[in-house]
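Chain by chain, the residues:
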Amino acid sequence: HVGQLALRAGRLGAADDRFRVALDSVPGDVAATAGRARVLALRGQSPRAIEILDQLVARVPLPEHLISLGELHLLGGDQQSAKEQFEVVRSAAKLARAAGVRPDLELAWFEADHGDPLRALQLARAEWSKRQPPMVADALAWALYVNGKDAVALRYAKLATAYGGDARSWHHRGVIEASLGSDAEARK
């Protein structure tokens, strides 16, 4: 958890140190392994990050890690591998639902970025009806934005960042503000 906090604060060295300590203590820990891959990707070491995530999702095919792996393939220009990974995301989500797990929040962001915008909006609204923390506000804001509902999206983006927010929620808010012509706010 300390590694995740350091990562969200943009302190890659500290995050990497914490993830390594965690992996020394509990080899193969899922969260620490994913965190280490994220640090490597942010440092421009995508091939190594892909290798780590490939091994991780072979053991634990959680949607968030499958999505990260697909996005790294996209960044590397491997459209086919990304497409295959994104199909696995959808299949894993179906299996999770069948087992009683609701991956709606991750799927809302995923569908907004890589799939069906209307499905993203359905998922985000369903999640918002159950709970209203900042991360759900961000998912709803982003789903509204990709569906062309920028003014309403900004309201939720402001909720998502009202108590700090993470890099993703601030990025989404900036994109939404720019789409509404608020360039100075978007740059902030």
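One structure accompanies this document, and this report is about it. If you're wondering where the values come from, they're calculated on a predicted model, not measured in any experiment.

Conventions we followed
- Residues numbered from 1 in each chain as written.
- Predicted model: local features only at pLDDT ≥ 70, side-chain atom pairs only at ≥ 80, totals over all residues.
- Heavy atoms only, no water.
- 1 Å grid on protein atoms, 1.4 Å probe; cavity = no way out; pocket = protein on both sides within 12 Å on 5 of 7 lines; lining within 4 Å.
- Points joined across faces, edges and corners; volume = space filled by probe spheres on them.
- Helix = DSSP H or I, 4+ residues; strand = E, 2+ residues; numbered from the N terminus.
- Nonpolar A, V, L, I, M, F, W, Y, C, P; charged D, E, K, R; others polar.
- Core = buried A, V, L, I, M, F, W, Y, C linked by side-chain atoms within 4.5 Å.
- Buried < 20%, exposed > 50% of the residue type's maximum accessible area, 1.4 Å probe, protein only.
- Contact = heavy atoms within 4.5 Å.
- Salt bridge = Lys/Arg side-chain N within 4 Å of Asp/Glu carboxyl O.

What to know about the layout of surface pockets
When its volume is computed, the largest pocket comes out at roughly 1800 Å³. Along the wall of the largest pocket there are 47 residues; nearest its centre are Gln 4, Leu 7, Arg 8, Arg 38 and Arg 168. Sorting the residues of the lining of the largest pocket by element identifies helix 1 (2-8), helix 2 (12-25), helix 3 (30-42), helix 4 (46-59), helix 5 (63-75), helix 7 (104-114), helix 9 (134-146) and helix 11 (167-179) as the ones contributing at least two each. A total of eight residues in the lining of the largest pocket trace back to one element, the largest contributor, which is helix 3. Looking at side-chain class alone, the lining of the largest pocket contains 24 nonpolar, twelve polar and eleven charged residues. Volume-wise, the second largest pocket comes out at about 150 Å³. Residue assignment for the lining of the second largest pocket shows that the elements contributing at least two residues are helix 5 and helix 7.

Points about the nonpolar core
Core analysis: the largest hydrophobic core is formed by 43 residues, its most contacted members being Val 89, Leu 140 and Ile 176. Contributing elements (two or more residues each) for this core: helix 3, helix 4, helix 5, helix 6 (79-98), helix 7, helix 8 (117-130), helix 9 and helix 10 (150-161). Ranked by the residues each element gives to this core, the list is headed by helix 9, at eight residues. With residues near it in sequence (within four places) discarded, Leu 140 still touches Leu 121, Ala 124, Arg 125, Trp 128 and Tyr 156. With six residues, the next largest nonpolar core counts Ala 6, Ala 15, Ala 32 and Val 39 among its residues.

Observations concerning the pattern of salt bridges
Within the structure shown, the criterion is met by twelve salt bridges. Asp 16 serves as the salt-bridge partner of Arg 20, at 3.2 Å between the closest nitrogen and oxygen. With Arg 20 and Asp 16 both in helix 2, this residue pair falls four residues apart, about one helical turn. Of the residues examined, Asp 16 reaches a relative accessible area of 4% and is grouped as buried. With its nearest N and O atoms 2.2 Å apart, the salt bridge here joins Arg 97 to Asp 104. Accessibility expressed as a relative area gives 33% for Arg 97, which makes it partly exposed. Taken together, the shared-partner salt bridges connect Arg 97, Arg 102, Asp 104, Glu 127 and Arg 131 into one network.

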